[in-house]
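Structure at a glance
What follows is each chain in one-letter form.
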Amino acid sequence: MNKDRPIGVFDSGIGGLSVLKQFVRFMPYEKYIYLGDNAHVPYGNKSAETVKEYAKECTEFLLDKKVKMIVVACNTVSAVAMDVVRSVSDVPVIEMIKPAAGAALRATVNGKIAVIGTRATINSKAYSNEILKLSDSKKIKVLSEACPLFVPIIEEGWIRHDATRLIIEEYLNDLYKTGVDTLVLGCTHYPMLAKLLTEIYPGLTLIDSGEHAAVSAVRVLAESSVLKEERNEYVVKPEIEFFVSDLPANFNEQAQRFLGFEVNSPKRVVPGRSLPK
Ligand code: DGL
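Owing to the predicted nature of the structure, the values given are computational and were not obtained by experimental measurement.

A closer look at the overall build of the protein
Secondary structure summary: the protein contains 12 helices and 10 strands in total. For 277 residues, the compact-globule formula gives about 19 Å, and the C-alpha radius of gyration of the protein, at 18 Å, lands near that figure. Along the first, second and third principal axes, the C-alpha atoms of the protein reach 50 × 40 × 40 Å. Among the 277 residues that make up the protein, the fraction classed as buried is 55%. Partitioning the intrachain contacts of the protein with sequence separation of at least 6 by distance along the chain shows that 77% fall at a separation of at least 24. Side chains of the protein carry 34 positive and 34 negative charges; the gap between the two charge centres is 3 Å.

Pasting the structure below:
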């Protein structure tokens, strides 16, 4: 396997850019191909069968681009469709759940962990099962809450809006009152609410699943000797090629908000149908 091959990252839309941001933070010298399947977003309210179909098409699209790793930068896919992604992949695959589950166990002091995510992620119990599996203590308690309204309000850019605060409190006040000390942000969009969550619930340790997935990817690439060497120069604009399955008018503005820097215009593709070479 050649180190110069890109890392392939996919999500249901723009949310995975919060994950890509973490990858670029830890590995600025790598090349990336990002696929946002935003013609089908949100995945989080769909059935596992449908998410599996989409995930397979996205994975095959990236494999066709000769990537050296597949990053499933979507918690919903990570929760319900990893069997399909792994069955078609002949390169290492990184998902969101295991690294975040491990980080939550390291972070908690009182053993009470909360997980929030889309309906599909929470209903799958993927996070709670993984946390309990990794934990060697019977004292770990995991509480979960689906927060389906967070995705649309974040995409609307209502990051510090009064309505957002009210919605957060409606979903999470009861959870907070149970005394949880660690909150897993089990959805690509939720890191955007980190500041507001910390203001409303001081003392809670937030776990960003993208950050921990990036750390685990560094290890996997290094172990397979395909991690690109650091160069003695600062990367201002990382090499990223963007593909989307729909091109909404405000894509660049939204993408920049998630990624923190300006993006090149994406190409529109239909994963599963017209695989461009
Ligand atoms: N990317 C999805 C996730 O992390 C959120 C958006 C969606 O529902 O598709 O679960």
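The rest of the description comes next.
Some words on the site of the ligand
Around the ligand, the structure places 13 residues, and the nearest of them are Asp11, Ser12, Tyr43, Gly44 and Thr76. At a separation of 2.8 Å, a nitrogen atom of the ligand approaches a polar side-chain atom of Asp11. In the model, an oxygen atom of the ligand is placed 3.0 Å from a nitrogen or oxygen of the Asn75 main chain. Coverage of the ligand by the protein amounts to 99% of the 300 Å² it exposes when considered alone. Of the residues assigned to the shell around the ligand, the class counts are five nonpolar, seven polar and one charged.

Here's the deal with the packing of aromatic side chains
According to the stated counting rule, one finds six aromatic pairs in the structure shown. Each ring, one from Phe150 and one from Tyr190, has its centre 5.2 Å from the other, and the planes form 80 degrees; the classification is edge-to-face. Taken together, the residues span a long stretch of sequence, with Phe150 in helix α8 (residues 150-155) and Tyr190 in the loop between β7 (182-186) and α10 (194-200) at a distance of 40 residues. Assessed through its relative accessible area of 0%, Phe150 is described here as buried. Assessed through its relative accessible area of 0%, Tyr190 is described here as buried.

A look at empty space enclosed by the protein
Applying the stated criterion across every chain, the model contains one cavity of 30 Å³ or more. If you add up the space inside the largest cavity, you get close to 40 Å³. Surrounding the largest cavity, Ala114, Leu172, Leu175, Tyr176, Val180, Leu183, Tyr201 and Leu204 form its lining. Broken down by element, the residue count for the lining of the largest cavity peaks at three residues, all from helix α9 (residues 162-177). Residues that form the lining of the largest cavity fall into these classes: eight nonpolar, no polar and no charged.

Description of helix α11 (residues 209-223)
Here α11 is 15 residues long and its end C-alpha atoms lie 21 Å apart, about the 21 Å a rise of 1.5 Å per residue gives. Considered for burial, the residues of α11 that qualify are Ser209, Gly210, His212, Ala213, Ala214, Ser216, Ala217, Val220 and Leu221. The opening residue of α11 is Asp208, an N-cap whose side-chain oxygen sits 2.9 Å from the backbone nitrogen of Gly210. Looking one or two residues beyond α11, the residue adopting positive phi is Ser225, at roughly 55 degrees.

A look at the nonpolar core
Of all hydrophobic cores here, the largest spans 96 residues; its most connected members are Phe10, Leu20, Phe23, Ile70, Val77, Phe150 and Leu172. With seven residues, the top contributor of residues to this core is helix α2 (residues 48-64). With sequence-adjacent residues up to four places away left out, Phe150 is seen in contact with Ile116, Ile167, Ile168, Tyr171, Leu172, Tyr190 and Leu193.

With respect to the packing of helix α5 (residues 97-107) against α11
Across the interface, α5 lies against α11 with an axial gap of 8 Å and an inter-helix angle of 105 degrees. By the angle class used here, α5 and α11 are roughly perpendicular. Residues Pro99, Ala100, Ala103 and Arg106 of α5 pack against Ser209, His212, Ala213 and Ser216 of α11. Considered class by class, the residues forming the contact of α5 with α11 number four nonpolar, three polar and one charged.

Observations concerning the state of the cysteines
Counting across every chain of the model gives zero disulfides. Left without a disulfide partner, Cys147 is nearest to the cysteine sulfur of Cys187, which lies 8.9 Å away. Residue Cys147 is classed as buried on the basis of its relative accessible area, which comes to 0%.

Section: the sheet that holds strand β2 (residues 31-36)
What holds strands together in a sheet is hydrogen bonding between their backbones, with the strands either parallel or antiparallel. With respect to topology, six strands assemble into an open sheet ordered β4-β3-β1-β2-β9-β10, the strand pairing being parallel. Pairing within the sheet leaves two strands with one partner each, and these edge strands are β4 (93-94) and β10 (267-268). As paired elements, strand β9 (residues 239-244) and β10 share two bridges and run parallel to each other. In the strand pairing of β10, Val244 is matched with Arg268.

Thresholds applied
- Residues numbered from 1 in each chain as written.
- Predicted model: local features only at pLDDT ≥ 70, side-chain atom pairs only at ≥ 80, totals over all residues.
- Heavy atoms only, no water.
- Helix = DSSP H or I, 4+ residues; strand = E, 2+ residues; numbered from the N terminus.
- Rg over C-alpha atoms; globule rule 2.2 N^0.38 Å.
- Buried < 20%, exposed > 50% of the residue type's maximum accessible area, 1.4 Å probe, protein only.
- Contact = heavy atoms within 4.5 Å.
- Lys, Arg positive; Asp, Glu negative; His and termini not counted.
- Charge placed at Lys NZ, Arg CZ, Asp CG, Glu CD.
- Near = heavy atom within 4 Å.
- Polar contact = N/O pair within 3.5 Å; in protein donor to acceptor, adjacent residues only side chain to side chain.
- Areas by Shrake-Rupley, 256 points an atom, 1.4 Å probe, with all protein chains shown as cover.
- Nonpolar A, V, L, I, M, F, W, Y, C, P; charged D, E, K, R; others polar.
- Phe/Tyr/Trp six-rings, centres within 6.5 Å; stacked < 30°, edge-to-face > 60°.
- 1 Å grid on protein atoms, 1.4 Å probe; cavity = no way out; pocket = protein on both sides within 12 Å on 5 of 7 lines; lining within 4 Å.
- Points joined across faces, edges and corners; volume = space filled by probe spheres on them.
- Expected span 1.5 Å × (residues − 1).
- Core = buried A, V, L, I, M, F, W, Y, C linked by side-chain atoms within 4.5 Å.
- Axes fitted to C-alpha atoms, helices over the stretch in contact; angles between N-to-C directions.
- Parallel < 35°, antiparallel > 145°, perpendicular 65-115°, else oblique.
- Disulfide = S-S within 2.5 Å.
- Pairing = 2+ DSSP bridges.

By themselves, these figures tell us nothing about what the structure is for.
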